[in-house]
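Now for the letters of each chain:
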Amino acid sequence: MAKGNIGVTTDNIFPVIKKFLYSDHEIFLRELVSNAVDATQKLKTLASVGEYQGEVGDLQVEVKLDAEAGTLTISDRGVGMTAEEIEKYINQIAFSGATDFLDKYKEDANAIIGHFGLGFYSAFMVAKQVEIFTKSYTDAPAQHWSCDGSPEYTLEACDKAERGTDIVLHIDDDNKDFLEEARISGLLTKYCKFLPVPIAFGTKKEWKDGKEVETNEPNIINNPEPAWTKKPADLKDEDYANFYRELYPYAEDPLFHIHLNVDYPFNLTGILYFPRIKNNIDLQRNKIQLYCNQVFVTDSVEGIVPDFLTLLHGVIDSPDIPLNVSRSYLQSDQNVKKISTHITKKVADRLQEIFKNERASFEEKWDALRIFIVYGMLSDEKFYDRAKEFALLQNVDGKAFTFTEYKDLISVEQTDKDGNVIYLYATNAEEQHAYIEAAKNKGYDVLLMDGQLDIHWISQLEQKNEKSRFVRVDSDVVEKLIVKADAPKVTLNAEQQTALTSLFQSQLPKLNKTEFLVTMEQLGADDQPIVITQNEFMRRMKDMSATGGGNPMMSFYGEMPDSYNLVVNTAHPLVDVLLKEEDAACSEKINPLVDAIGQLEKRRNEIKDTHKDKKDEEVPQAEKAELETLDKQIGELSAQKKTVYATFAATQPKIKQLIDIALLANNMLKGKDLSDFVKRSISLLK
Ligand code: ADP
Ligand code: MG
């Protein structure tokens with residue numbers, strides 16, 4: 001029997017393995033099974049080139065549990081090892097600069113294991129003793145190697161009739177869970193599902209007479225020829241759909257797939273699927289899986305595919321992605337950058353192709369696609385340039401247009417006097433119904449921009465397209481949404497305007513965090529008497545602050561109250577009637593106040609006139625005091641006027657009624673205000 005020390009430069013590698021690699025214990029199984037697969041593939045190659053001429057036989061890899069003996073065994077019928085090979089490949093672990101590296105990557109077991117070719121030694125993460133029984137495909141005698149986790153091993157010849165290798169792990173007491181069938185079965189499914197050699201774990205079970213019974217048939221846990229390893233020409237749509245189900249048994253059928261197949265300047269194969277996403281839970285659940293020669297590596301592909309494409313599903317397999325290094329390194333790796341660019345381009349190509357050849361089906365899928373596409377446009381310039389050709393705008397009638405098509409459609413009707421094309425949009429077809437109707441009646445088209453990212457997309461489209469502006473249908477009265485000529489002037493005199501402002505201001509509801517500003521517009525006699533609008537800029541800032549993250553300017557807007565304009569249509573007959581009634585009821589009280597204010601203002605203007613070219617300190621003190629008194633008096637009289645108007649307004653239920661109708665059209669009339677409105681409406685009918 002030979003004895004020796006494993007050739008490592010650190011004193012003892014095993015404590016390192018156990019301590020640092022604790023979190024990723026389970027990957028030992030991936031490492032051992034893929035070694036078995038490698039050995040099997042090597043044998044196949046030797047046989048195919050005639051270097052091995054014996055019987056190849058059944059090449060299945062087997063994983064066996066013996067709970068009683070406390071062992072887990074991985075067996076293959078691959079090339080096996082001679083004593084020299086064990087000496088060379090197992091006993092000598094080339095290990096330079098190890099301590100530095102371990103320090104740097106101690107959190108990342110993948111990095112350590114892969115970097116040093118420590119695959120085999122990962123067995124010691126879970127085993128107190130590891131044995132190798134192996135017989136080379138050459139005539140060399142079979143060997144038994146054993147090591148109990150100290151750097152000391154034994155190696156001796158043994159009886160083993162069959163070619164190949166058995167790795168026997170004596171599972172240690174801290175890791176008993178690896179003796180459970182369900183645990184091992186789960187790990188095999190996770191890591192080995194698509195390895196290229198059949199892997200058997202126990203035997204198949206069957207339901208017989210309400211009981212589960214063992215059969216003689218080996219339980220093959222993997223699909224050695226997954227769809228992505230085949231040629232696209234050999235696959236039908238159905239095969240792609242079946243493979244999707246194999247990956248994500250509970251997900252809904254995907255929208256379509258993209259088969260990736262690159263061999264220069266890097267190797268990459270894979271199939272990506274556009275999933276049907278219903279909600280955020282779906283977004284989290286299924287992810288792109290990354291493989292390296294059919295060995296599962298990870299399902300966190302951040303850094304390898306662009307962010308917006310992490311929403312896709314499917315598989316990427318590449319031996320050229322440096323899997324064994326840290327994430328931050330990944331992001332600066334040139335190969336990874338090329339891969340990422342390539343995937344983006346392929347995705348754009350495929351979308352373009354479907355758009356061109358199957359426009360109807362593309363439109364039908366748009367709702368499910370747009371989150372990817374818009375996210376991609378916002379986050380990736382190159383993708384924007386491609387996607388602007390097929391990204392769709394949808395109007396409130398459900399018709400879809402590319403940006404260019406839509407611009408052509410609306411530019412005649414919807415260009416303002418400064419040459420800006422105005423894209424009218426709604427964010428909620430129900431709530432903004434009255435405004436949408438008004439715009440349509442005017443011959444305008446209205447887009448529906450109700451996607452989660454649309455508010456940001458709108459800003460992008462405005463930036464990218466000169467002389468294009470997006471305006472929400474309720475951001476102004478319809479006449480002013482698209483300003484084609486200077487608006488007609490309000491014909492009322494100043495006092496009439498003050499009266500109307502006071503009448504409506506005094507009857508406005510007190511809503512939490514909401515402000516109203518009463519303004520006048522000379523609209524048409526057939527337009528609504530009162531319209532409530534919200535300034536486009538302010539509203540957008542608030543919307544962005546709701547989805548915009550930590551920008552302090554954005555959260556400043558978020559804190560502001562909602563401010564609305566209550567627009568009084570001075571051309572409406574009802575407003576005319578209201579003014580006449582006000583005059584009849586209030587003039588007796590108002591006229592003396594107006595006269596008195598007029599006198600005071602006259603005096604104030606006189607004083608101001610005589611001093612208009614003087615600096616503040618040159619105005620005599622006495623006159624300054626008089627001005628102050630005048631201002632105070634004017635203020636008091638104006639307040640009295642307001643009270644007169646308010647008192648009158650309170651006797652006029654129709655003022656509240658007009659306000660409420662406008663609020664109702666804006667979906668802002670709720671709770672008690674709504675019940676009051678209903679009661680008032682009925683009593684007004686009496
Ligand atoms: P790697 O697989 O990256 O080479 P490992 O530590 O996993 O590193 O394995 C070291 C070497 O041991 C392998 O390259 C191979 O030569 C040999 N080896 C391991 N397992 C087997 C096996 N089941 N059959 C034959 N050779 C094996
Ligand atoms: Mg290996």
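All values reported here derive from a predicted model rather than from experimental measurement.

The rules behind the values
Residues numbered from 1 in each chain as written. Chains lettered and ligands numbered in written order. Predicted model: local features only at pLDDT ≥ 70, side-chain atom pairs only at ≥ 80, totals over all residues. Heavy atoms only, no water. Helix = DSSP H or I, 4+ residues; strand = E, 2+ residues; numbered from the N terminus. Contact = heavy atoms within 4.5 Å. Areas by Shrake-Rupley, 256 points an atom, 1.4 Å probe, with all protein chains shown as cover. Axes fitted to C-alpha atoms, helices over the stretch in contact; angles between N-to-C directions. Parallel < 35°, antiparallel > 145°, perpendicular 65-115°, else oblique. Core = buried A, V, L, I, M, F, W, Y, C linked by side-chain atoms within 4.5 Å. Buried < 20%, exposed > 50% of the residue type's maximum accessible area, 1.4 Å probe, protein only. Domains from an automatic or database assignment. Pairing = 2+ DSSP bridges. Expected span 1.5 Å × (residues − 1). Polar contact = N/O pair within 3.5 Å; in protein donor to acceptor, adjacent residues only side chain to side chain. Salt bridge = Lys/Arg side-chain N within 4 Å of Asp/Glu carboxyl O. pLDDT = per-residue confidence, 0-100. Patch = residues over 30% accessible without salt bridge, like charges linked within 9 Å, V, L, I, M, F, W, Y side chains within 5 Å. Left-handed = near helix turned anticlockwise from the far one by under 90°. Nonpolar A, V, L, I, M, F, W, Y, C, P; charged D, E, K, R; others polar.

With that out of the way, let us pick up the overall build of the chain. Along its length, the chain carries 23 helices and 22 strands. Across the chain, the fraction of contacts at a sequence separation of at least 24, relative to all contacts at a separation of at least 6, is 70%. Taken as a whole, the chain presents about 35,000 Å² of accessible surface, with 49% of it coming from carbon and sulfur.

For the pair helix H17 (residues 494-507) and helix H22 (residues 653-665), the least separation of the axes is 9 Å and the interaxial angle reads 75 degrees. By the angle between their directions, the pair H17 and H22 is classed as roughly perpendicular. On H22, the residues that touch Leu 503, Phe 504 and Gln 507 of H17 are Ile 655, Lys 656, Leu 658 and Ile 659.

Formed by 58 residues in total, the largest nonpolar core has its most connected members in Val 33, Trp 145 and Leu 169. The leading source of residues in this core is helix H2 (residues 27-48), at 7 residues. When residues of this core are assigned to domains, at least three map to each of domain 1 (2-206 + 215-220) and domain 2 (227-360). Ignoring any residue separated from it by four or fewer positions in sequence, one finds Leu 169 in contact with Phe 28, Leu 32, Gly 70, Thr 71, Leu 72, Ala 123, Val 126, Ala 127, Gln 129 and Val 130. Membership of the second largest hydrophobic core comes to 57 residues, among which are Leu 272, Phe 274, Ile 316 and Phe 355.

Our next topic: the sheet that holds strand S19 (residues 468-472). The strand order across the open sheet formed by 3 strands is S18-S17-S19, and the pairing between neighbours is parallel. The sheet is open, and its two borders are formed by strand S18 (446-448) and S19, each paired with just one other strand. Pairwise comparison of adjacent strand axes, ignoring direction, gives a mean angle of 40 degrees for this sheet. The sheet contact formed by strand S17 (residues 421-426) and S19 spans 5 bridges and is parallel. Its bridge partner being in S19, Tyr 423 is matched across the sheet by Phe 470.

Here we come to unusual backbone geometry. Cis rather than trans, the peptide bond between Tyr 264 and Pro 265 has omega equal to 0 degrees. As for its placement among the helices and strands, Pro 265 is situated in the loop between strand S10 (256-262) and strand S11 (268-274). Even without being glycine, Gln 294 reaches a positive phi, approximately 75 degrees. Accessibility expressed as a relative area gives 12% for Gln 294, which makes it buried. Phi angles above zero are rare outside glycine, and Lys 467 is one such case at about 55 degrees. With respect to the helices and strands, Lys 467 occurs in the loop between helix H15 (454-464) and S19.

Once that is clear, we can look at the pairing of strand S2 (residues 61-66). Within a regular beta strand, the side chains point alternately toward one face of the sheet and then the other, so they alternate between its two faces. The pairing of S2 with strand S8 (residues 199-208) spans 3 bridges and is parallel. The residue of S8 that forms the bridge with Glu 62 is Ala 200. With 5 bridges connecting them, S2 and strand S3 (residues 71-76) associate as antiparallel partners. Bridged to Glu 62 within S3 is Ser 75. Joining the antiparallel neighbours S2 and S3 is a turn of 4 residues, in which Gly 70 adopts a positive phi near 70 degrees.

Moving on: the sheet that holds strand S21 (residues 530-534). The strand order S20-S22-S21 describes an open sheet built from 3 strands, whose pairing is mixed. Every other strand in the sheet has two partners, leaving strand S20 (514-521) and S21 as the edge strands with one partner each. Strand-to-strand, the axes of this sheet are offset by a mean angle of 30 degrees, without reference to chain direction. Here 5 bridges tie S21 to strand S22 (residues 562-569), and the two strands are oriented antiparallel to one another. The residue of S22 that forms the bridge with Val 531 is Val 567. Against the sheet, H22 touches S20, S21 and S22, its axis set at about 45 degrees to S21.

Because each turn of an α-helix spans 3.6 residues, side chains separated by three or four positions in sequence point in the same direction. In this model helix H21 (residues 621-650) runs 44 Å from its N-terminal to its C-terminal C-alpha over 30 residues, within 8% of the 44 Å that 1.5 Å per residue would give. Contact partners of the buried residues in H21: H17, helix H20 (573-610) and H22.

For the rest of this paragraph, the subject is the environment of Gln 289. Mapped onto the elements, Gln 289 comes out in strand S12 (residues 289-292). Note on Gln 289: relative accessible area 14%, which makes it buried. With 17 residues separating them in the primary sequence, Gln 289 and Leu 272 have C-alpha atoms 9.8 Å apart. Excluding residues that lie within four positions of it along the chain, Gln 289 makes contacts with Leu 247, Tyr 248, Phe 296, Thr 298, Asp 299, Gly 314, Val 315 and Ile 316. Of the polar contacts made by the side chain of Gln 289, one reaches the side chain of Tyr 291; its length is 2.7 Å.

Of the pairings in the sheet, the one linking S20 to S22 comprises 8 bridges and is parallel in character. Each residue of the ladder has a partner; that of Leu 517, found in S22, is Asn 565.

Our focus in this paragraph is the pattern of salt bridges. Per the stated rule, a full pass over the model turns up 34 salt bridges. Its salt-bridge partner being Lys 204, residue Glu 217 comes within 3.3 Å of it at the nearest N-O pair. With Glu 217 in strand S9 (residues 211-220) and Lys 204 in strand S8, the pair connects residues that are 13 residues apart, well separated along the chain. With relative accessibility at 45%, the residue Glu 217 sits in the partly exposed group. Taking the relative accessible area as the measure of exposure, Lys 204 reaches 36% and is therefore partly exposed. The salt bridge partner of Lys 388 is Asp 385, with a shortest N-O separation of 3.9 Å. Classification of Lys 388 by relative accessible area gives partly exposed; the value is 35%. Residue Asp 385 is classed as partly exposed on the basis of its relative accessible area, which comes to 40%. What emerges from the salt-bridge pattern is a single network uniting Glu 26, Asp 177, Arg 183 and Lys 190.

In this model, the chain carries an average pLDDT of 87, and 89% of its residues clear a pLDDT of 70 or more. Counting contacts from residues 94-98, a segment whose pLDDT is below 50, to residues more than four positions away or on other chains yields 9 contacts.

The grouping of Leu 664, Leu 674, Val 678 and Ile 682 at the surface amounts to a nonpolar patch, some 310 Å² of accessible area in total. Here the element with the most residues in the nonpolar patch is helix H23 (residues 671-685); it accounts for 3 residues. Relative to the helices and strands, Leu 664 is located in helix H22.

What follows is about the packing of helix H10 (residues 334-357) against helix H11 (residues 359-379). A pair of packed helices is characterised by two quantities: the angle between their axes and the separation of those axes. At a minimum axis distance of 8 Å, the contact between H10 and H11 shows a crossing angle of 150 degrees. When the interaxial angle is binned, H10 and H11 end up roughly antiparallel. You can see that H10 and H11 cross each other, and the crossing is left-handed. From H10, Leu 351, Ile 354, Phe 355 and Asn 357 reach across to H11, where they touch Arg 359, Ser 361, Phe 362, Leu 369 and Ile 373. Partitioned by chemical class, the residues of the contact of H10 with H11 number 6 nonpolar, 2 polar and 1 charged.

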